[in-house]
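# Breakdown of the fold
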Amino acid sequence: MTDLSYKDWKSKAAALKFRNQCFISGTFCDAISGAKFETLNPATGAVLTAVARGNGDDIDRAVKSARSAFDSGVWSGKTPSERKEVLLKLAALIRDNIPEFALLDTLDMGKLIKDSSTVDAPGSAHFFQWHAEAIDKLYDEIAPTGGRDIAMIRRVPLGVVGAVVPWNFPLDMATWKLAPALATGNSVVLKPAEQSPLSALFLAELAVEAGLPDGVLNVVPGYGQDAGQALGRHDDVDCLVFTGSTAVGKLFQRYAGESNMKQVWLETGGKSPNIIFPDADLDAAADMAAFGIFFNQGEVCSANSRLLVHASIKDEMLERMKTRAEAITPGDPLDPASTLGAMVDKSHTDTVMQFIESGRQSSRLITGGERVTLNGSDAFVTPTIFDNVESNHKIARDEIFGPVLAVQTFNSDDEAIAMANDTVYGLAASVWTKDLSRALGVSDALNAGTVSVNTVDALSAMTPFGGMKQSGYGRDLSIHAFDKYTALKTTWIRY
Ligand code: NAD
């Protein structure tokens, strides 16, 4: 899709159709209350459309629809190969509509069209395809009981899955939940983030076109405190999967405890360290370190937001980082030549600027730190690097979720490991060294769900993604994602 010009994207954006209602039992419908909320393009401040604002009543209607579809066996009773065929058709339909999906996410949350059209939308098709292809290659087990017994251990779907997702990769975060949940035969109620509900609604429409029976996938747009909470507290939801902030993840644990003890799986925040040892390829490390913090405006859960550099190479590394940061400048997300998009909204931009202000007071600003106005919107922040950041300062500890890098120095491997692990989070980490023994030793010692050596944020449909500590538990992607959506059921037969 990279061959579309700025002009092409603008004219496609002007002609784009928005689905803006709840999607329940295979059809679009207004919220029962009739309420709506506006979703804006953060890059211009323009209202895109008014979207149905679902609440507990709509969630209840969607859960009933999901339950009745599940109990009927119309999807849960299909063979894995039959489900595979439908999900492969969905992957193909997503691929046929990459420009539309890319535009929906770019307009709704400010990310670059060059990323949404080459990473997010093709990624969604790929993840659906991968989980579809995997589902009829998984075998169940027979336990080695011996004697005149057969003990069959089978994976069975859980029933109704509630999925609550964030705005930073709207289509892909929904896909990471939906693909394994649907492949295993569950029915789903999805609540997209209020900042970015549009791509999920289009996806639901295409799922039905692909052959997913009505009621198997329902989407209820709305706010977290009403629609999200209602899903978390619903007594007929068997499993709640969440991607979002750690604070809200803890609420879902509480909702489950105060309702039906549904399973809860959490993919939450991060403050990932990127450790640069003196023997690293500094040019490659700087290229990837810049990508690791500035890609998607730094609105990435696994963003490498802490750069831990050996004291002997700090100046060389900082010089490289400054050059790379200054080559990235905010621009219209619809322009394929732009290198940094808009922050998701004004209020998040305010939060990021508050972190920058507090950084200015305690640390050394190397570059950036500016809020920029473009096309009437001030939701743009320049790539920012702070040096001499104290470990206990909030820019070293809190998830900023913006293009802000905190640089700290270390003098030994042990000190690097201790600094890297000095966080409540444990999502990802990166290590740069040519010494294999050091690479493996340090990787082993890091508390992180994924460690990338001589790269950052390595990720694939083939490998599990998720965190340790307060970055959550449970894994998206790979064969292991199926674990969240199935229970092991044992059947004994004596003969
Ligand atoms: P958020 O926690 O504010 O919102 C996420 C979702 O939860 C949204 O759908 C929102 O409506 C809902 N929600 C908010 N308050 C709620 C409440 N009281 N009850 C029920 N639901 C509620 O997060 P965000 O700002 O949308 O996204 C950014 C966060 O997501 C960051 O912390 C980031 O690290 C995290 N994230 C994590 C991963 C991962 O895989 N670990 C991936 C992407 C994003």
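Residues numbered from 1 in each chain as written. Predicted model: local features only at pLDDT ≥ 70, side-chain atom pairs only at ≥ 80, totals over all residues. Heavy atoms only, no water.

## Some thoughts on the packing of helix α5 (residues 113–135) against helix α6 (residues 170–183)
Running from amino to carboxyl end, α5 crosses α6 at an angle of 10°, the nearest separation of the two axes being 9 Å. It follows from the interaxial angle that α5 and α6 lie roughly parallel. Touching V119, D120, A121, G123, S124, F127, F128, H131 and I135 of α5 are L171, D172, T175, W176, L178, A179, P180 and A183, all from α6. When its residues are assigned to classes, the contact of α5 with α6 shows 11 nonpolar, four polar and two charged. (Axes fitted to C-alpha atoms, helices over the stretch in contact; angles between N-to-C directions. Helix = DSSP H or I, 4+ residues; strand = E, 2+ residues; numbered from the N terminus. Parallel < 35°, antiparallel > 145°, perpendicular 65-115°, else oblique. Contact = heavy atoms within 4.5 Å. Nonpolar A, V, L, I, M, F, W, Y, C, P; charged D, E, K, R; others polar.)

## Describing the side chain of N218
Here N218 shows up in strand β9 (residues 217–219). From its side chain, N218 meets the backbone oxygen of G215 in a polar contact 2.9 Å long. When neighbours within four sequence positions are excluded, N218 is seen to be in contact with F23, I24, S25, A62, S65, A66, V188, V189 and L190. (Polar contact = N/O pair within 3.5 Å; in protein donor to acceptor, adjacent residues only side chain to side chain.)

## A closer look at the site of the ligand
In the vicinity of the ligand, 29 residues are found, and the nearest of them are E194, S245, Y255, T268 and E399. Between the ligand and V165, the relevant distance is 2.8 Å, taken from an oxygen atom to a main-chain nitrogen or oxygen of the residue. A distance of 2.6 Å separates an oxygen atom of the ligand from a polar side-chain atom of S245. The fraction of the free accessible surface of the ligand (850 Å²) that becomes covered by protein chains is 90%. Mapped by element, the contributors of at least two residues to the shell around the ligand are α8 (224–233), β10 (239–243) and α9 (246–258). Residue contributions to the shell around the ligand peak at four residues, all from α9. Partitioning the shell around the ligand into residue classes produces 16 nonpolar, nine polar and four charged. Viewed by domain, the shell around the ligand spans two of them, domain 1 (6–269 + 476–492) and domain 2 (273–456), each represented by three or more residues. (Near = heavy atom within 4 Å. Areas by Shrake-Rupley, 256 points an atom, 1.4 Å probe, with all protein chains shown as cover. Domains from an automatic or database assignment.)

Everything listed here is a matter of geometry and, on its own, says nothing about what the molecule does.
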